[in-house]
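# Topology and contacts: notes
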Amino acid sequence: MTEGILLDEDLLKLQALRDGFEAALARGLAPTEVEELRLRLAALEGLGHLQRRNGVEVTGAELREIARLRADTHDMLAKALDLDDELYPAGLRAKGEAAFNELLRRFLGAERFADVERAKDRLFRELLQSTDNQGVSKAALLQAYEARRAAEEQARQIRADAQLSSEERSVLLAALRAQTTQALSRSLGPVGFGAYLKQHGQQFTNSLSLPVTRMQALGQRSDVIPVK
Amino acid sequence: MNLRGYILGTMAANLALVGALLWQGARMPGPGARGGVSITTNIVTEFAPEAAPRPAVVSVPGSPPFRWEQIESTNHLLFLTNLLAIGCPPETARDILDARVADDFRARLRELTRPLQARFWDVAAAGQKFDELFEEPELEKQIDLLKAERTRALAGVQGCRA
């Protein structure tokens, strides 16, 4: 390596390292064990969100099949050694990811595929897990999620708008928080919304406010309005 | 001299020459019987002789052949005693036993947890923690027993050395 740049000879060595790892596995494990390892690496590396706890109705057997799809479109051994970025160009990796997503969509169907996509979003997982066993229907949860996501995007735009003064931003964000609070409370119901706030109230408030450092720099009081 | 006479003369000379060569060959001694120049006319490819397989037994004059089976035992302490009895250095004997105890523990732990392997995918799909698999009281008890047995075996190895 020269000044942080990988040379062709470095790539050859890294490839040899990856191949050596595969050969060592083949020597120490039965072929079925190597295959199982590849699938489990796929499950642990890129499919952590794909579980019932995150709102994706999937069985163990289905998850194994999905892991196979991922292992067939990604080099799991290179990933295990953290060499994926070095050994494969970004374009090729993107193609592998796109191929996997297409195979996954066909395997699960449109509705469950949408569940998988939502499960990747921390906002959705927070809503789902905090309101678990609170009698919140899936439709209500999705409604709350859309409101929460839209609020996040609006807050980002308000913060980035250079035309606004700090005071205007604070006012707009406070209004957005109040509006989102009402929307979530309506969708989740008082019990569900209370459970959500109990676990994620702080993140909810912070994500729809000015950054604390900026407020301190401006010498302003926090514009945070308690939501409960 | 006419042509016929010339041919007959040549043939007679060749026959005499062949006869002389045959007579000389019959008198030639075998190679190595005496000094002299020998000419090798063919190319020989030499093969390195394969290493002779290690004999399964070690013969010591005046004693019966030693066999590994004589000292081998699944009982760690007995095996250790046998190793020391044949003059194995204590450090080496301890290393052998330590490795054997570790291998034994690993194999039995793997066997004990084999049923959990089948549950990997269901646990992953449910989003449970894998650690929870090991939190079954009966399994924990079995693993603790296995660990205690390993500790005893290692302590026995140490004690036998002392």
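Residues numbered from 1 in each chain as written. Chains lettered and ligands numbered in written order. Predicted model: local features only at pLDDT ≥ 70, side-chain atom pairs only at ≥ 80, totals over all residues.

### Observations concerning the overall build of chain A
In terms of helices and strands, chain A carries 11 helices and 0 strands. For chain A, contacts bridging at least 24 residues in sequence account for 69% of all contacts bridging at least 6. (Helix = DSSP H or I, 4+ residues; strand = E, 2+ residues; numbered from the N terminus. Contact = placed C-beta atoms within 7 Å.)

### Examining the overall build of chain B
Tallying secondary structure elements over chain B gives 6 helices and 0 strands in all. Along chain B, helices and strands appear, N-terminal first, in the series α-α-α-α-α-α. A separation threshold of at least 6 residues defines the contact pool for chain B, and within that pool the share at least 24 residues apart is 50%.

### A look at the interface of chain A and chain B
If you look at the interface, chain A gives 12 residues, while chain B gives 7 residues. Taken together, the elements giving at least two residues each to the side of chain A that touches chain B come down to helix H2 (31-46) and helix H3 (60-73) of chain A. The biggest single contributor to the side of chain A that touches chain B is H3(A), with 4 residues. Each residue belonging to the side of chain A that touches chain B can be placed in one class, and the counts come to 4 nonpolar, 4 polar and 4 charged. (Nonpolar A, V, L, I, M, F, W, Y, C, P; charged D, E, K, R; others polar.)

### Quick look at helix H2 (residues 76-85) of chain B
Residues and elements named next belong to chain B. Regarding H2, the residues found buried are His76, Leu80 and Leu83. Projected onto a plane normal to the axis of H2, the buried residues spread over an arc of 60° and lie on a single side. The outward face of H2, more than 90 degrees from its buried face, is lined by the exposed residues Leu78 and Ala85. Two residues or fewer after H2 comes Gly87, characterised by a positive phi angle close to 95°. (Buried ≥ 20, exposed ≤ 12 C-beta atoms within 10 Å, placed from the backbone. Arc of directions from axis to C-beta.)

### Focus: the environment of Arg40(A)
Residue and element names in this part refer to chain A. The topology assignment puts Arg40 in helix H2. Given 18 C-beta atoms within a 10 Å radius, Arg40 is considered partly exposed. As for Arg40 and Ala67, which are separated by 27 residues in sequence, their C-alpha atoms are 7.2 Å apart.

### Quick word on the nonpolar core
Of all hydrophobic cores here, the largest spans 38 residues; its most connected members are Ala42(A), Ala43(A), Leu50(A), Leu63(A), Ala67(A), Leu127(A) and Ala144(A). If you list the elements that add at least two residues to this core, you get H2, H3, helix H7 (110-119), helix H8 (122-130), helix H9 (138-160) and helix H10 (166-207) of chain A together with helix H5 (120-126) of chain B. At 7 residues, the largest contribution of residues to this core is made by H10(A). Formed jointly, this core draws a minimum of three residues from each of two domains, domain 1 (8-119) and domain 2 (122-218) of chain A. Once you skip the residues sitting within four places of it in the chain, Leu63(A) turns out to touch Ala43(A), Leu50(A), Val58(A), Trp121(B), Ala124(B) and Ala125(B). Within the second largest apolar cluster, 6 residues are counted, among which are Leu83(B), Ala93(B), Leu97(B) and Val157(B). (Core = buried A, V, L, I, M, F, W, Y, C linked by C-beta atoms within 7 Å. Domains from an automatic or database assignment.)

### Comments concerning unusual backbone geometry
Residue and element names in this part refer to chain A. Here the phi dihedral of Asp82 falls at roughly 60°; this positive angle occurs in a residue that is not glycine. Even without a glycine there, the phi angle at Asn133 is positive, about 65°. Within the fold, Asn133 resides in the loop between H8 and H9. Given 6 C-beta atoms within 10 Å, Asn133 falls into the exposed group.

### Things to note about the environment of Gln142(B)
On the secondary structure map, Gln142(B) appears in helix H6 (residues 137-161). The spatial distance from the C-alpha of Gln142(B) to the C-alpha of Thr113(B) is 9.9 Å, given a sequence separation of 29 residues.

### Topic: H8(A)
Listed as buried for H8(A) are Phe124(A), Leu127(A), Leu128(A) and Ser130(A). The elements touched by buried residues of H8(A) are H7, H9 and H10 of chain A.

### Some details on the confidence of the model for chain A
Residues and elements named next belong to chain A. Residues of chain A with pLDDT of at least 70 account for 91%, and the chain-wide mean is 89. Confidence, read as mean pLDDT per element, is least for helix H11 (residues 212-218) in chain A (55) and greatest for H3 (97). A low-confidence stretch, residues 221-228 (pLDDT under 50), is modelled with 18 contacts involving residues beyond four sequence positions or located in other chains. (pLDDT = per-residue confidence, 0-100.)

### Structural notes on the packing of H2(B) against helix H3 (residues 90-112) of chain B
Residues and elements named next belong to chain B. Contact geometry of H2 with H3 gives a least axis separation of 10 Å together with a crossing angle of 155°. In terms of orientation, H2 and H3 fall into the roughly antiparallel class. As H2 runs across H3, the sense of the crossing is right-handed. Packed against H2, whose contacting residues are His76, Phe79, Leu80, Leu83 and Leu84, the element H3 presents Pro90, Ala93, Ile96, Leu97, Arg100 and Val101 at the interface. Here the residues of the contact of H2 with H3 sort into 9 nonpolar, 1 polar and 1 charged. (Axes fitted to C-alpha atoms, helices over the stretch in contact; angles between N-to-C directions. Parallel < 35°, antiparallel > 145°, perpendicular 65-115°, else oblique. Left-handed = near helix turned anticlockwise from the far one by under 90°.)

### As for the packing of H3(A) against helix H6 (residues 90-108) of chain A
Residues and elements named next belong to chain A. Direction vectors running N to C along H3 and H6 enclose 155°, while the axes themselves pass 9 Å from each other. One way to sum up the angle between H3 and H6 is to call them roughly antiparallel. Two packed elements cross with a definite hand, and for H3 against H6 that hand is right-handed. Contacts between H3 and H6 involve Glu65, Ile66, Leu69, Arg70 and Thr73 on the former and, on the latter, Gly96, Ala99, Phe100, Leu103, Leu104 and Phe107. Taken together, the residues of the contact of H3 with H6 break down into 7 nonpolar, 2 polar and 2 charged.

### Regarding the environment of Ile96(B)
Relative to the elements of secondary structure, Ile96(B) occurs in helix H3. Expressed as a C-alpha distance, the spacing of Ile96(B) and Phe79(B), which sit 17 residues apart in the sequence, is 9.8 Å.

### Section: the confidence of the model for chain B
Residues and elements named next belong to chain B. Looking at chain B as a whole, the pLDDT averages 74, with 59% of positions reaching at least 70. Summarising per-element confidence for chain B, the mean pLDDT is lowest in helix H1 (residues 3-27) (59) and highest in H5 (93). Counting contacts from residues 29-42, a segment whose pLDDT is below 50, to residues more than four positions away or on other chains yields 2 contacts. Scored as a complex, the prediction yields pTM 0.65 and ipTM 0.79.

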